[in-house]
Amino acid sequence: MTKVKARGAQALPLNTILDGDCIEMMNSLPEASVDLIFADPPYNLQLRGELHRPDNSQVDAVNDHWDQFSSFAAYDEFTRAWLAAARRLLKPNGAIWVIGSYHNIFRVGAALQNEGFWILNDVVWRKSNPMPNFRGKRLTNAHETMIWASKSEGAKYTFNYEALKSLNEGIQMRSDWVLPICTGHERLKDENGDKAHPTQKPESLLHRVIVGSTNPGDVVLDPFFGTGTTGAVAKMLGREFIGIEREEAYRKAATARIAKVRKFDREALQVSTSKRAEPRVPFGQLVERGMLRPGEELFSMNNRHKAKVRADGTLIGDDIKGSIHQVGAHLEGAPSCNGWTYWCYKRDGKRVPIDVLRQQIRAEMSA
């Protein structure tokens, strides 16, 4: 067997827009190096002729060469190739989002599964201001579909559940997202005042995807970069991005757009996390560090009970000794008790929840 000398680790071209074919460019990047892929591939709309409004004005529909394929078989071959390249790039705990319309999303979904991805959700982006159906022969296309998938069945992936819940006013985020299409000041225009890109996605859509499925510092790849919505939002949210775009006009627009974006400060980038995700702090650590002293009394928040702190981090009450949780539950006659929110201590005549001390330690751990 011939031994091949290992090459040095290849550096990722972070925060760069690569010029070229998406499959070739992805295959040139190091394996298992990307945390998230957001893909907005050609939809293969199969338009036949021009589309006009009732006043006979022409609709700026997608009729560009990059959206034209000779057959469904050719489109499927293209889809399989770029998905294989994408899966190679993802880290074991990475994930992919693909957006499409009824023209292509079902074919893409089957290809995802055939490549070994594991579908987590399909999300319906319901457009609050969709373009009407001018011919009046079909229902208005008022939504697009996104598929969210992990690299393989059983693979771990990032899901910031609490952050998405907070975005939705404390209610669990659903799989139907009502967001407007890209219009007004957000819509990029070329030097002639026309749309710089016919299918520019709104930043609100990418904000939700990136906040929900990545963390600050993660690498987000967009193989169909267009005018750079993914890169602009990734930069704002403190993520690294890699874009791939073969059309010079789109690269130019994206470069100018992203150059104007300012990254949010570190504190603003923090999002809500579940209590389970926070580092565990034993109550005994408060005693070890002198934040509470052996012999000091703790008081229940309802002011009905008290207990004394012991040197080993346990409490002793009237007829019970044990952890902060066990003693609290016994005194209340309850099956369980969260001692961190049940007990408080006195400082300068004021009662202070012991959880304040735990949060101080957690802040030090994350600094």
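Going along each chain's sequence as written, the residues are numbered from 1 onward. Predicted model: local features are reported for residues with pLDDT of at least 70 only, side-chain atom pairs are reported and counted for 80 or more only, and whole-chain, interface and lining totals are derived from all residues. Computation of side-chain values covers all heavy atoms of the structure but excludes hydrogens and water.

Under an unreviewed UniProt entry, the chain has the name Methyltransferase and belongs to Arenibacterium halophilum. Note on the chain: under the UniProt heading Catalytic activity (unreviewed entry), the record states "a 2'-deoxyadenosine in DNA + S-adenosyl-L-methionine = an N(6)-methyl-2'-deoxyadenosine in DNA + S-adenosyl-L-homocysteine + H(+)". UniProt positions are given in the numbering used here, feature names are shortened, and annotations may be inferred rather than shown by experiment. Per its UniProt entry, the chain bears the Sequence similarities (unreviewed entry) comment "Belongs to the N(4)/N(6)-methyltransferase family."

Undergrad: Before we move on, could you go through the sheet that holds strand β2 (residues 34-39) and cite the residues and values that matter?
TA: The mixed open sheet is built from eight strands, whose spatial order is β1-β8-β7-β2-β3-β5-β4-β6. Since the sheet does not close on itself, it has two edges, and those belong to β1 (16-18) and β6 (176-179), each with one partner. Each neighbouring strand pair of the sheet contributes to a mean axis angle of 20°, computed without reference to strand direction. Bridge count between strand β3 (residues 90-100) and strand β5 (residues 143-150): six bridges; the pairing is antiparallel. Within the sheet, the bridge partner assigned to V98 lies in β5 and is I147. Each of β3, β4 (118-127) and β5 touches helix α3 (residues 105-114); the most contacted strand, β3, lies at about 165° to it. Strand pairing is assigned whenever DSSP detects at least two bridges linking the two strands. Numbering of helices and strands runs from the N terminus, with a helix taken as a DSSP run of H or I at least four residues long and a strand as a DSSP run of E at least two residues long. Only C-alpha atoms enter the line fits that serve as axes; for helices the fit covers just the stretch in contact. Angles between N-to-C directions range over 0 to 180 degrees. Contact definition: two residues touch when any of their heavy atoms are within 4.5 Å.

Undergrad: Just give me the short version of the nonpolar core, but keep the residues and values in it.
TA: F38, W97, I99, M146, W177, L205 and V209 are the most contacted members of the largest nonpolar core, which has 34 residues in total. With five residues, helix α5 (residues 203-213) is the largest single contributor of residues to this core. Once residues lying within four places of it in the same chain are set aside, the contact partners of V209 are L36, F38, W97, M146 and W177. We define the nonpolar core as a collection of buried residues of types Ala, Val, Leu, Ile, Met, Phe, Trp, Tyr and Cys that are connected through side-chain atoms lying within 4.5 Å of one another. Categorising residues by exposure relies on relative accessible area from a 1.4 Å probe, with only protein chains included: less than 20% of the type maximum marks a residue as buried, more than 50% marks it as exposed, and the intermediate range marks it as partly exposed. Counting residues in hydrophobic clusters, the runner-up holds 31 residues, among them I23, M26, L29 and I147.

Undergrad: How would you explain the side chain of T79 if you had to name every residue and give the values?
TA: Checked against the element boundaries, T79 lands in helix α2 (residues 72-89). Leave out the neighbours within four places in its chain, and T79 touches V108 and A111.

Undergrad: Before we move on, could you go through the packing of α5 against helix α6 (residues 229-236) and cite the residues and values that matter?
TA: For any two helices packed against each other, the geometry comes down to the angle between their axes and how far apart the axes lie. At their nearest, the axes of α5 and α6 sit 9 Å apart, and the two run at 55° to each other. As the angle between them shows, α5 and α6 are arranged oblique. The crossing of α5 and α6 is right-handed. Contact with α5, carried on its side by E203, L206, H207 and I210, involves T229, T230, A232, V233, A234 and M236 of α6 and no other residues of that element. Class assignment for the residues of the contact of α5 with α6 results in six nonpolar, three polar and one charged. Should an angle fall under 35 degrees it is called roughly parallel, over 145 degrees roughly antiparallel, and 65 to 115 degrees roughly perpendicular, with every other angle called oblique. By convention the crossing between two helices is left-handed if the near helix lies anticlockwise of the far one by an angle smaller than a right angle, and right-handed if it lies clockwise. Under the scheme applied here, ten amino acids are nonpolar (Ala, Val, Leu, Ile, Met, Phe, Trp, Tyr, Cys and Pro), four are charged (Asp, Glu, Lys and Arg), and all others, including Gly, are polar.

Undergrad: Provide a residue-level description of α5, including the pertinent values.
TA: Extensive coverage of α5 is indicated by the burial of eight of its 11 residues. By the burial criterion, the buried members of α5 are L205, L206, R208, V209, I210, V211, G212 and S213.

Undergrad: With reference to specific residues and values, describe the packing of aromatic side chains.
TA: Working definition: rings of Phe, Tyr and Trp (its six-membered ring) pair if their centres are within 6.5 Å, and the pair is stacked with planes under 30 degrees apart, edge-to-face with planes over 60 apart, and tilted otherwise. All told, the structure shown has 11 aromatic pairs when counted by the stated rule. Among the aromatic residues, those joined into a cluster by ring pairs are W97, W148, Y157, F159, Y161 and W177. Throughout this description, the term charge over a ring refers to an Arg CZ or Lys NZ atom that lies within 6 Å of the ring centre and within 35 degrees of the ring normal. Sitting over the face of the ring of F299, K346 holds its NZ or CZ atom 4.7 Å from the ring centroid.

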